[in-house]
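The residues making up each chain are set out below.
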Amino acid sequence: MHELVERIWRRIKENESKYVGDLRRLLEQRGISATGEGIEECASTVREMMEEVGLRAELIRSGGNPVVFGEFREERHGTLMFYNHYDVQPPDPVEEWTTPPFEPSIRNGRIFARGAADNKGNLVARLKAIEVVNEVAGELPLNLKMVAEGEEEIGSPNLPRFVDENRHLLEADACLWEMSYIDDRDRPVIALGAKGIVYLELRARRKGPDLHSSWGAVAVNPAWRLISALSLIADDRGNPRIRELTEDVQLDERFLQLIERADVDPEEVSQGAGELIPEVRGDLKEALKRLTMMPVVNVCGLLSGYTGEGSKTVLPSKAVAKVDVRLVPGMRPEKVVEAIRRALAQAGYGDIEVVQLGGSYPAAVTDPESPFVEAVAGTARVAFERDPVVLPSMQGSGPLYLFAEVLGQPTVLAGVSRRDSRYHAPDENLRIDDYLRGIFHVALLMINFVPMMRWGVMPYR
């Protein structure tokens, strides 16, 4: 191990209690974007923490919650962007937390609090990496920019406007995205992109009020019409049935090769899903392909008629379905929405209202041959002492296209949560050792960034 690398890891271990304390400080701030509770206080804390590690920081408002932008700019030969978010999901149901969600608690080597895994642990790890490199190396060997937004958990509705209005601030050679995870074999999982998303509400109605169900022999039943409409859009596996939803799907052979090489534990996939569809049982490669490279239509919620205890013979006057479509490269949100509306109208379901909810965005992926991919994977190999798993994309969605496509920055996902970190759920948590390793990983990426991007060499390992 290079002497500089040894000193960085030693300093991280020496400062463990301080770094955990710094994480606690941010976890105590609420920052709930769904309700707005504590957003301003949380954003101000992030700005203060950026300034404390040497970044010039400011709050930038482009509508909605402020974006915290931090920057270190000198005469360096490379610029690295960090994207993170400081907002969190509501803590409900609060009664299911072992300890209060905004009073960080340490148990069995983990820190428990809302936002620990998603995404404050990764955000603070990157700040602490800046701090430790400054302390040990005496200076930062690259330019840094950091975007911490406050609306990721509600679909980043104002991030496109922020990027459009601040392109002059956001120029960088590459971007490290908010998070990925550590698998059950303690290996870092590196992803080269994220799926896009469109979220829709389908509304079917009949004139008049709810009726006695005996009228079902002659009256329109919106629930049946909605069920039939959903079956036109996709089958019960979530496979799109509308040709226009899949005609632009692009399956790059290089990404298929990543799937072939991925040594992923089938049990981890099975446990994460709960119950697998028949097509992927015993076929891990097909499961990974569907998760990372294929579109899917999800019914997220259904509401119609009587849903209380016992029976009530009623013919509902309306039915509502909440649906998301997970997009892959080549698919555009606006085309997906129009294709669904057109297909329903042509099949005689033009009366069903299709309403787009929240933010939507396309998928984006980074060229697997980009030197930044090896920079992230190579430094992860040293930091975690395991060969990383490299996947074409995360199965989830995020506005990654703004950086990868609009700004043209190779964008790679890496982070320190686990499958059992309970994102968005009670007792959300982060392993402290993973957090420290995450600091180490980002520090290694920073000191190796310029030589890796310019010459493809990694001098510090």
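Structure: above.
Residues numbered from 1 in each chain as written. Predicted model: local features only at pLDDT ≥ 70, side-chain atom pairs only at ≥ 80, totals over all residues. Heavy atoms only, no water.

A. Seen up close, unusual backbone geometry. Going from aspartate 92 to proline 93, the amide bond is cis rather than trans, its omega being -5 degrees. For proline 93, the position within the fold is in the loop between β3 (79-85) and β4 (105-107). The residue after aspartate 118, namely asparagine 119, is reached through a cis peptide bond having omega 15 degrees. Counting through the fold element by element, asparagine 119 comes out in helix α4 (residues 116-137). Even without being a glycine, aspartate 427 presents a positive backbone phi close to 60 degrees. (Helix = DSSP H or I, 4+ residues; strand = E, 2+ residues; numbered from the N terminus.)

B. Molecular detail of empty space enclosed by the protein. Across all of its chains, the model carries three cavities of 30 Å³ or more by this definition. Put simply, the largest cavity is a space of about 80 Å³. Lining the largest cavity we find Asn122, Ala125, Arg126, Leu176, Phe384, Ala414, Gly415, Val416, Gly438, His441 and Val442. Listed by contribution, the elements that provide at least two residues to the lining of the largest cavity are α4 and α13 (432-455). Residue composition of the lining of the largest cavity, by class: six nonpolar, four polar and one charged. Lining the second largest cavity we find Ile60, Ser62, Gly63, Asn65, Val67, Glu149, Gly150, Glu151, Asn158, Leu159 and Phe162. Split into classes, the residues belonging to the lining of the second largest cavity amount to four nonpolar, five polar and two charged. (1 Å grid on protein atoms, 1.4 Å probe; cavity = no way out; pocket = protein on both sides within 12 Å on 5 of 7 lines; lining within 4 Å. Points joined across faces, edges and corners; volume = space filled by probe spheres on them. Nonpolar A, V, L, I, M, F, W, Y, C, P; charged D, E, K, R; others polar.)

C. Main features of the pairing of strand β10 (residues 193-205). Of all 13 residues in β10, 11 are buried, a share of seventy percent or more. Sheet topology places β10 next to strand β16 (residues 364-365); two bridges connect them, and they run antiparallel. The residue of β16 that forms the bridge with alanine 194 is alanine 364. Pairing between β10 and strand β18 (residues 394-397): two bridges, direction parallel. (Buried < 20%, exposed > 50% of the residue type's maximum accessible area, 1.4 Å probe, protein only. Pairing = 2+ DSSP bridges.)

D. Molecular detail of the packing of α4 against α13. For the pair α4 and α13, the least separation of the axes is 8 Å and the interaxial angle reads 55 degrees. Taken together, the axis directions place α4 and α13 in an arrangement best described as oblique. Crossing angle aside, the handedness with which α4 passes α13 is right-handed. Touching Gly121, Val124, Ala125, Arg126, Lys128, Ala129, Ile130, Val132 and Val133 of α4 are Tyr435, Gly438, Ile439, Val442, Ala443, Met446 and Ile447, all from α13. Of the residues belonging to the contact of α4 with α13, the class tally is 12 nonpolar, two polar and two charged. (Axes fitted to C-alpha atoms, helices over the stretch in contact; angles between N-to-C directions. Parallel < 35°, antiparallel > 145°, perpendicular 65-115°, else oblique. Left-handed = near helix turned anticlockwise from the far one by under 90°. Contact = heavy atoms within 4.5 Å.)

E. Summary view of helix α10 (residues 333-346). Under the 1.5 Å per step criterion, the end-to-end length of α10 is 20 Å for 14 residues, consistent within 8% with the ideal 20 Å. Pro333, Val336, Val337, Ala339, Ile340 and Leu344 are the residues of α10 that are buried. Each buried residue of α10 lies within a common arc of 165 degrees when the element is viewed along its axis, so the set occupies one face. In α10, the exposed residues that point more than 90 degrees away from the buried face are Glu334 and Gln346. (Expected span 1.5 Å × (residues − 1). Arc of directions from axis to C-beta.)

F. Examining the pattern of salt bridges more closely. In total, this model carries 48 salt bridges according to the counting rule given. Residue glutamate 58 is joined to arginine 56 by a salt bridge in which the shortest nitrogen-to-oxygen separation is 3.4 Å. For glutamate 58, a relative accessible area of 28% gives the class partly exposed. If you follow the salt bridges from partner to partner, you end up with Arg56, Glu58, Glu71, Arg73 and Lys145 in one network. (Salt bridge = Lys/Arg side-chain N within 4 Å of Asp/Glu carboxyl O.)

G. Region of interest: the layout of surface pockets. By volume, the largest pocket is sized at about 1900 Å³. Lining the largest pocket we find 49 residues, and of these Arg326, Met394, Gln395, Gly396 and Ser397 sit closest to its centre. Counting only elements with at least two residues in the lining of the largest pocket, the list comes to β10, α8 (266-273), α9 (284-293), β12 (296-304), β15 (353-361) and β18. Top element by residues in the lining of the largest pocket is α9. It accounts for five residues. Here the lining of the largest pocket is composed, by residue class, of 23 nonpolar, 15 polar and 11 charged.

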